[in-house]
Structure formats: structure tokens, C-alpha cells
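Listed below are the residues making up each chain.
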Amino acid sequence: MAVVDVHRFAESITCHAWSPDLSMVALCPNNNEVHIYKSSQDQWERLHVLEKHDQIVSGIDWSSKSNKIVTVSHDRNSYVWSLEGGEWVPTLVILRLNRAALCVQWSPKENKFAVGSGAKTVCICYYEQENNWWVSKLIRKRHESSVTSVAWHPNNILLATTSTDGKCRVFSTFIKGVDTKDPKAGSPAESKFGEQILQLDLSYSWTFGVKWSPSGNTLAYVGHSSMIYFVDDVGPSPLAQSVAFRDLPLRDVLFISEKMVIGVGYDSNPMVFAADDTGIWSFIRYIGEKKAESSGASYSSQFSEAFTKFYGQSKATTANEASESSKSRGGVHDNCINAIVSLSKAGSPKVMRFSTSGLDGKIAIWDLENMEEELGHQF
Amino acid sequence: MAGAGGFVEADNAEAIIARIETKSSKIESLLKQYKPVEALKTALEGSPPKTLDERCKSANWIVVHRALMAIKDIEGMLNALDVEYYDILMKYLYRGLSTGDRPTCDQCLKIHEKLTDRAGLGCILRCLTDTINTV
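Chain B is annotated in an unreviewed UniProt entry as Actin-related protein 2/3 complex subunit 5 from Brassica napus. Its UniProt record gives chain B the following Subunit (unreviewed entry) comment, quoted word for word: "Component of the Arp2/3 complex composed of ARP2, ARP3, ARPC1/p41-ARC, ARPC2/p34-ARC, ARPC3/p21-ARC, ARPC4/p20-ARC and ARPC5/p16-ARC." Within the UniProt record for chain B, the comment given under Sequence similarities (unreviewed entry) is "Belongs to the ARPC5 family."

Going by an unreviewed UniProt entry, chain A carries the name Actin-related protein 2/3 complex subunit and comes from Brassica carinata. Turning to chain A, the UniProt annotation filed under Subcellular location (unreviewed entry) states: "Cytoplasm, Cytoskeleton".

See the structure below:
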């Protein structure tokens, strides 16, 4: 198995982020606080508790170059925390939202961050040197429902968003004075703030977890209908693929190489997807060892009880799956995994380590060092 | 879709219903020849999920129902069915279960069990979350 470390930090974890040197992790234990833990000799020690928000902290991101933590919460606020003299000092960011903030991500250059909200808007915040505060610009158009996830393209200007209206959109977030226009790339459309570059209508249900590939050429996002969508050559004529898979829906994805994606979700077991040489994406395997292939139904004991009741009426006899509990499915996590975070340097083409956190309160660290053979040449 | 397509829909609907009538007679003949699997395949092909018209959906449901009730060998039927039809079949199974009619529900439950074995919970999820392409 590829798991290197598992630790249960709380009852349930909403989101987490790692420090630049990967020695500390900031997480929200499903309340209004952010806890920072440091690992030392196999023990995790709680160093700081950041208490400023009034409601659950829904997103945390830790910038690797400037060492700042940004947190967003259901209380419609955001704070940027800087380390000053061993203590984390918050700076309020006025987002001008009238609904909860749901997700946040620092841009690759860390001069901006994007916040998705339940107010059907995306806030792009940048630092204004003269007034010494963070200003937020809103993308109000286009979204018909809550914005569940945001992802920055490596060029620091394009932003992909997913929403509960089932669509994935790409916007330009060019801000005069903060971004520099790239002379060789970009059409005029790309240099207007809030301009929608692309809208993808592939899904009929809520969409989550959008991510760009390391080069920015491919986009991946998941739909709540147990589907994952891949879009190659994002631009005027994109190549979209919808991959339906057997099991419960995913919540988040991560590109571990240009052609390989790991998805995590309600099955509590990361799934590997890869594109073959012709560019067709498909499900490869679960990351842990999966037992008997699709011949037997690998239900957890919870499901088999429910199904026996359901089918009991028709007097059909089901093979008794009650013995096979969810733990034996390769189970590191016991409950839904809702976040997957890369542990490699930002911008590197291959991700060798990543961490997952979930509703069971555990964070697991996975290492792909020895899995190159098993995963195949796309890795 | 509904607005400008109001008049066009009606026309389209008639065409679809006519197609369903032809399908229905073909299915009857297949059933007489004891080929229930073929019958179900024919019934599921060309299911009109994109029509908003309730009559088309009901007409197609009657045809699918006829073929479903005639199936005795469920494993064999699922073996012969292409993977792309699993999602549509699942939607019809749920429609069957919603009728509350005892023999229909019995049959649908039996098929549901085997289909879930093969297609997994993802198939059920796709059926539940897709509110646009309903049967």
C-alpha cells in the first residue's frame, strides 16, 4: 500500500493545507477554528489555534513562497494570517459577500487568491500596497448557483470554477496593476476581468473538485452522478470526455502527472484515472489493493444490510456480503474523503506524495515512490 | 427548449409515438418467438430521454414494461446487453418500482439486484441525479 502515515486529528476534518516546508499542517476540525499541528518524531503536536471566524471554516490555503495562510468561512469573511514573531496575526479581507464562502485558493504567483461562494459569485482578492489591505473584486455574472470549487491555471490569470448548477467555467481574472499582459499569449478576451472564456455543460448534476493539469492543458472535474470529466486543449475547441464509473461519486481530484489523475470521494478509497496513448481517459484501479474484481459486489456491510431488506420482498437470495466490511476495501479512511492536497513543490510536473483528509477526522499521507511500475507509464 | 419548440415538439412527438408503435409490433413478434432479450434490447434502443413530452415517455414505458415482464433469464439478458444501456435500464427499473404494482415490482427488484451487481452504485447515482433526461 502507498500510505505512509495516518493520523486522526479530530472528529471530522473540513479542509487542510500544508506549510511550505511540509512540516506543519493547518486544518479545520469541523468548527470555527483552524488548528496548526507540527510533526516531530512521529508525534503530532498542536502549535497554534487560530480563532477568528464565527462559523465553520470551509477553506484553508497556505502559500508556499510568502508563507501566508488564507481562511474562508461560512460567516462570509476571509482572513489572511501572517506569522509575526511566532504568532499568527489575522488581517480581515472584506469580501462583500452575502452568503457563505465555500472554497479558496492562492494563485500560482501568490499575489491573488480566489474565493468561491454560495452567493453565486467568485471573489478575486489582491493586495493593494498603498492602503495596506486586501481588495476584493467580484465576478458576479454567469454562475446560477453556489460555486463549489476554484482552480488557478499556471499562468496566474485563468481561473476554472465548478458550481452546483452543473457547469464548469473558465474566467479571466486579469487585473491591471497586478497582472502583466503576456505579449505572446492571450487574445483580447483574456485581458478583461471577469470575462468568461469557456463554459462546459457536460454534467446534469452538481460539480465539484476542478483542477488543472501541471501544464495547464487539461482540466478535470467531477460530477455528483458518479462521473468524472476531462477536457483536453482547453480553449476555443476543447476535447471533452465524460467517464462514468461504478461506485459512489467523487469530491475532489488531483493531477499527479500530465496524464494521470487521482480522485477521492464517498468510497473512502482514492481512485486512479489515466489517459492512454490515444488520449482516452478511463478508470484504472483503486490505489490500494482491490480484492476480487467486479465479479463480486464489493458492498460495505452497511449497504448489504440495506439491500437485503430491499430485496427481501422479492424472495431473491443475495450472496451474503455482510462479512465484507468497508474497512477491507483497502480502507485507510472510514468515511468520505473530501480533500486531496499535493505534497510536492507547486508547479512540478509529477506529484510523488499527496495527503487526503475526510469526514472521519483522519489525514493520510500517500507516497507513490514505489508505485511507478504498478501505475504504468502514464505516471 | 419548451418555448419555441412548442409547435415543433408536438410534431416531433407524433413522429416519436409512431416510431414507438412500430417498435411495439416488432417487440410483440420477438416475444412470440421466445426472444425476450432481443425484445428488451429493441425496447431500450431509441428511448427518447430528450423529449419533454409525457406521452412519448409513457408510450415507451409501456413497450419497455412489456419486454421486461417477459424476461425469465436475467443473467443472460444482462450478459447480452451493452454497457451503455445499463443507465437507461436502471431508470426504467425505478419507473417500474414507482408503479407499486406487485408483479411489476417483483420483476423490477429482481433485475435491479443483478444490475446493481454489474453496474455498481454509480449506475443508481446517475439515475437519481439526472433530472433532465428522465424516463
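Back to the text.
S.K.: Explain the sheet that holds strand 7 (residues 68–73) of chain A to me, please; I cannot follow it from the model alone.
M.R.: Note on sheets: strands pair through backbone hydrogen bonds, and any given pair is parallel or antiparallel. All names here are of chain A. The four strands lie next to each other as 6-7-8-9, forming an open sheet whose pairing is antiparallel. With partners counted over all chains shown, the strands left at the sheet margins are strand 6 (57–62) and strand 9 (87–93), one partner each. Pairs of neighbouring strands in the sheet enclose a mean axial angle of 25 degrees, with direction left out of account. Where strand 8 (residues 78–84) meets strand 9, seven bridges bridge the pair, whose relative direction is antiparallel. Across the sheet, the residue bridging to Ser82 is Val89, located in strand 9.

S.K.: Please explain the confidence of the model for chain B as it appears in this structure.
M.R.: Should the pLDDT be low somewhere, the predicted coordinates at that spot are not to be read in detail. All names here are of chain B. On average, residues of chain B score 79 in pLDDT, and 85% of them reach the 70 mark or higher. Mean pLDDT across the elements of chain B ranges from a minimum in helix 1 (residues 5–32), with 67, to a maximum in helix 6 (residues 102–119), with 92. Throughout residues 1–8 the model reports pLDDT below 50, and contacts reaching past four residues in sequence, or to other chains, amount to one contact. For this predicted complex, the interface confidence reaches an ipTM of 0.80, while the overall pTM sits at 0.85.

S.K.: Got a minute to help me understand the packing of aromatic side chains in this structure?
M.R.: The geometry of an aromatic ring pair is captured by two quantities: the separation of the ring centres and the angle between the planes. Residue and element names in this part refer to chain A. Under the defined criterion, the tally for this structure stands at 18 aromatic pairs over all chains. Both rings, one in Phe354 and one in Trp366, keep their centres 6.1 Å apart while their planes meet at 15 degrees; by these two values the pair is stacked. In this pair, Phe354 is assigned in strand 27 (residues 353–358) and Trp366 in strand 28 (residues 362–367), connecting sequence segments twelve residues apart. For Lys137, the ring lying beneath its charged end belongs to Phe193, and the centroid distance is 4.6 Å.

S.K.: Mind showing me how you'd approach the confidence of the model for chain A here?
M.R.: Summarising the model, chain A shows a mean pLDDT of 85, and 85% of its residues fall at 70 or more. Confidence drops under pLDDT 50 across residues 291–300 of chain A; counting only partners more than four residues distant or on other chains, this segment forms 17 contacts.

S.K.: Where do I start with the nonpolar core in this structure?
M.R.: Generally speaking, a soluble globular protein has its nonpolar side chains buried in company with each other. Formed by 41 residues in total, the largest nonpolar core has its most connected members in Leu40(B), Leu44(B), Leu68(B), Met77(B), Leu89(B), Leu93(B) and Leu115(B). Looking at this core, the elements with two or more residues in it are helix 1 (301–312) of chain A together with helix 1, helix 2 (36–44), helix 3 (54–69), helix 4 (74–80), helix 5 (86–97), helix 6 and helix 7 (121–129) of chain B. Grouped together as the second largest cluster of nonpolar side chains are 18 residues, Val264(A), Ala274(A), Ala364(A) and Leu368(A) included.

S.K.: Looking at this structure, I do not really get the packing of helix 5 of chain B against helix 6 of chain B. What am I missing?
M.R.: The geometry of a pair of packed helices is captured by two quantities: the angle between their axes and the separation between those axes. Residue and element names in this part refer to chain B. Put simply, helix 5 and helix 6 touch, their axes get as near as 9 Å, and they point 150 degrees apart. By the angle between their axes, helix 5 is roughly antiparallel relative to helix 6. Crossing angle aside, the handedness with which helix 5 passes helix 6 is left-handed. Residues Tyr86, Leu89, Met90, Leu93, Tyr94, Gly96 and Leu97 of helix 5 form the contact with helix 6, whose participating residues are Thr104, Cys105, Cys108, Leu109, Ile111, His112, Leu115, Thr116, Arg118 and Ala119. Split by residue class, the contact of helix 5 with helix 6 holds twelve nonpolar, four polar and one charged.

Basis of the calculations
- The numbering scheme is per chain: residues are counted from 1 as the chain's sequence reads.
- A letter from A marks each chain and a number from 1 marks each ligand, given out in the order of writing.
- Only residues with pLDDT of at least 70 get local features here, since the model is predicted, and only at 80 or more are side-chain atom pairs given and counted; chain-wide, interface and lining totals rely on the full set of residues.
- Here the side-chain values reflect all heavy atoms present in the structure, with hydrogen atoms and water set aside.
- UniProt positions are given in the numbering used here, feature names are shortened, and annotations may be inferred rather than shown by experiment.
- Strands are labelled as partners when DSSP assigns at least two bridges between them.
- Helix and strand labels come from DSSP, where a helix needs a run of H or I of at least four residues and a strand needs a run of E of at least two; each type is numbered from the N terminus.
- In this analysis, axes come from line fits to C-alpha atoms, helices being fitted only over the stretch in contact, and the angle between any two N-to-C directions falls in the range 0 to 180 degrees.
- Confidence of the predictor at the level of single residues is captured by pLDDT, which takes values from 0 to 100.
- Contacts are assigned to residue pairs that have any heavy atoms within 4.5 Å of one another.
- The aromatic pairing rule takes the rings of Phe, Tyr and Trp, using the six-membered ring of Trp, and pairs them if the centres are within 6.5 Å, calling planes under 30 degrees apart stacked, those over 60 edge-to-face and the rest tilted.
- A positively charged side chain is recorded as over a ring if its NZ (Lys) or CZ (Arg) lies within 6 Å of the ring centre. The angle to the ring normal must also be within 35 degrees.
- Remark: nonpolar core denotes a set of buried residues (Ala, Val, Leu, Ile, Met, Phe, Trp, Tyr, Cys) joined through side-chain atoms within 4.5 Å.
- Classification of residues uses two cut-offs on accessible area relative to the type maximum, computed with a 1.4 Å probe and protein chains only: under 20% is buried, over 50% is exposed, and between them is partly exposed.
- In what follows, roughly perpendicular refers to angles from 65 to 115 degrees, roughly parallel to angles under 35, roughly antiparallel to angles over 145, and oblique to any angle outside these ranges.
- Crossing handedness is defined as follows: a turn of the near helix away from the far one that is anticlockwise and smaller than a right angle gives a left-handed crossing, while the clockwise case is right-handed.
- Side-chain classes follow a simple rule in which Ala, Val, Leu, Ile, Met, Phe, Trp, Tyr, Cys and Pro form the nonpolar group, Asp, Glu, Lys and Arg form the charged group, and the remainder, Gly included, forms the polar group.

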